[in-house]
Amino acid sequence: MSEPEPDTEARRIATQARDRARFEEEALSLADQVYRVARRLVGSREEAEDLVQETYARAFRSWRSYTPGTNMRAWLLRILTNLNVDRGRKIQRTPQTQPLEESDYYLANKMASAAGEEALETDDVVERLSQDSVVKALSEIPPQFRDVVVLVDIGDFTYADAAQILDVPIGTVMSRLHRGRRALKQHLAEEALT
Amino acid sequence: MSGDPCDRCEELLQDFLDRTLTDAEWREAEGHLAGCDYCSRRYRFEESLRKYVRTSAVERMPPGLMAKLDELRGLDATA
């Protein structure tokens, strides 16, 4: 290079600016996926938009605490779920547990009684449930179970990622996931078939 | 295996689809499913349901949000 060597400080600043821009690009490329999860964690589109904006504001401010090469989507979701707990859960302190007595075949059994046993083998049997009823049923799962169902079944996070995001042990993720899915099916059975 | 084999198969359903069963449990479930239409249909239903839940739940980002996020770039840690 014929250009003069920049001094160390200038080079440090330039490197930092480049790292930061790279971080921001990567974070923004995940926005659609982050929104998708956020939307199902809160009750309305407006809340989801606010939550995602707060998340990005915090992420951009604290970009140095992100370790390059680690799972940025999980890192962003950890910020988001923490913010969500801070902002919303204080208000809706509904009971955190509910009786979840129905078993895993409950919804399938209801569908079989309504449509016939053979209908369970068809691809479109699930379409007897409206998409609105699915969204509504998801929103009715108690929050601590819903978070896990949304992260794993909608957000495609692994158990390990979900455990890290929610700061709970993997065993807790698994039990909440199982119970959350059963709750979902119970709500679907109630709403779609009655 | 104790009790009703279909009850046992129902217990294994979620982990089966999540692929988190042990080898022994996997063989147990497969073995039962091979000869049980009742459970096979319910497993198949669960698989379709999971896909359907995902499809139904996904909502794209509202237009305009991306621009708002883009404006947040460069936020100062002290701001």
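About the cut-offs
- Residues numbered from 1 in each chain as written.
- Chains lettered and ligands numbered in written order.
- Predicted model: local features only at pLDDT ≥ 70, side-chain atom pairs only at ≥ 80, totals over all residues.
- Helix = DSSP H or I, 4+ residues; strand = E, 2+ residues; numbered from the N terminus.
- Buried ≥ 20, exposed ≤ 12 C-beta atoms within 10 Å, placed from the backbone.
- Contact = placed C-beta atoms within 7 Å.
- Axes fitted to C-alpha atoms, helices over the stretch in contact; angles between N-to-C directions.
- Parallel < 35°, antiparallel > 145°, perpendicular 65-115°, else oblique.
- Left-handed = near helix turned anticlockwise from the far one by under 90°.
- Nonpolar A, V, L, I, M, F, W, Y, C, P; charged D, E, K, R; others polar.
- Domains from an automatic or database assignment.
- Arc of directions from axis to C-beta.
- Core = buried A, V, L, I, M, F, W, Y, C linked by C-beta atoms within 7 Å.

### A few points about the overall build of chain B
Here comes step 1: Secondary structure assignment for chain B yields four helices and zero strands.
Here comes step 2: C-alpha atoms of chain B, sized along the principal axes, occupy 65 × 25 × 15 Å.

### Some details on the overall build of chain A
Here comes step 1: The number of helices and strands found in chain A is nine helices and zero strands.
Here comes step 2: Overall, chain A shows an N-to-C arrangement of helices and strands of α-α-α-α-α-α-α-α-α.
Here comes step 3: Relative to its 194 residues, chain A shows a buried fraction of 35%.
Here comes step 4: Restricting the contact set of chain A to residue pairs at least 6 apart, pairs at least 24 apart contribute 70%.

### A closer look at the packing of helix α7 (residues 143–154) of chain A against helix α8 (residues 159–166) of chain A
Packed helices, taken two at a time, are described by the angle their axes make and the gap between the axes.
Residue and element names in this part refer to chain A.
Here comes step 1: Relative to each other, α7 and α8 sit at 135 degrees, their axes nearing to 10 Å. When the interaxial angle is binned, α7 and α8 end up oblique. Handedness of the α7/α8 crossing: right-handed. Taking contact as the criterion, the partners of D147, V148, L151 and V152 in α7 are, on α8, Y159, A162, I165 and L166.
Here comes step 2: Split by residue class, the contact of α7 with α8 holds seven nonpolar, no polar and one charged.

### A short note on the domain arrangement of chain A
Residue and element names in this part refer to chain A.
Here comes step 1: Domain assignment breaks chain A into domain 1 (8–89) and domain 2 (106–193).
Here comes step 2: Computed from C-alpha atoms alone, the centre-to-centre distance between domain 1 and domain 2 is 27 Å.
Here comes step 3: Taken together, the 11 residues of domain 1 in the interface contact 13 residues of domain 2.
Here comes step 4: Per-element accounting of the side of domain 1 that touches domain 2 gives the leading share, five residues, to helix α4 (residues 72–89).
Here comes step 5: Considering only residue class, the side of domain 1 that touches domain 2 consists of four nonpolar, three polar and four charged.

### Focus: helix α6 (residues 131–140) of chain A
Here comes step 1: Among the residues of α6(A), those classed as buried are A:V134, A:A137 and A:L138. Viewed along the axis of α6(A), the buried residues span an arc of 100 degrees, placing them on a single side of the element.

### Details of the interface of chain A and chain B
Here comes step 1: Across the contact, 36 residues belong to chain A and 30 residues belong to chain B.
Here comes step 2: Of all the elements in the fold, those that place two or more residues in the side of chain A that touches chain B are α1 (8–29), α2 (31–41), α3 (45–61), α5 (106–115), α6, α7 and α9 (170–193) of chain A.
Here comes step 3: The greatest single-element share of the side of chain A that touches chain B, amounting to eight residues, is contributed by α3(A).
Here comes step 4: Residue composition of the side of chain A that touches chain B, by class: 17 nonpolar, five polar and 14 charged.

### Things to note about the nonpolar core
Here comes step 1: In this structure, A:V34, A:A38 and A:L151 are the most contacted members of the largest nonpolar core, which totals 53 residues.
Here comes step 2: Among the elements that line this core, the one with the most residues is α7(A), at seven residues.
Here comes step 3: Domain assignment of the residues forming this core places at least three in each of domain 1 (8–89) and domain 2 (106–193) of chain A.
Here comes step 4: For A:V34, the contacting residues outside a window of four places in its chain are A:V52, A:T55, A:L76, A:L77 and A:L80.
Here comes step 5: Core analysis: the next-biggest nonpolar cluster, separate from the first, contains seven residues, B:C9, B:L13, B:A29 and B:C39 among them.

### Some points on the environment of A:Q16
Here comes step 1: As for its placement among the helices and strands, A:Q16 is situated in helix α1.
Here comes step 2: In the structure, A:Q16 is positioned 174 residues away from A:E190 in sequence and 55 Å away in space, judged by C-alpha atoms.

### Focus: unusual backbone geometry
Residue and element names in this part refer to chain A.
Here comes step 1: For D156, which is not a glycine, the phi torsion comes out positive at approximately 60 degrees.
Here comes step 2: Following the sequence through the fold, D156 ends up in the loop between α7 and α8.
Here comes step 3: A positive phi angle is found at D167, which is not glycine, with a value near 55 degrees.
Here comes step 4: Relative to the helices and strands, D167 resides in the loop between α8 and α9.

### Considerations on the environment of B:E46
Here comes step 1: Mapped onto the elements of the fold, B:E46 is located in helix α3 (residues 37–57).
Here comes step 2: For B:E46, a count of 22 C-beta atoms within 10 Å gives the class buried.
Here comes step 3: On a C-alpha basis, the gap between B:E46 and B:L13 in space is 8.3 Å, while along the polypeptide they are 33 residues apart.
Here comes step 4: Here B:E46 is in contact with A:A108, B:L13 and B:L17, once residues within four sequence places are set aside.

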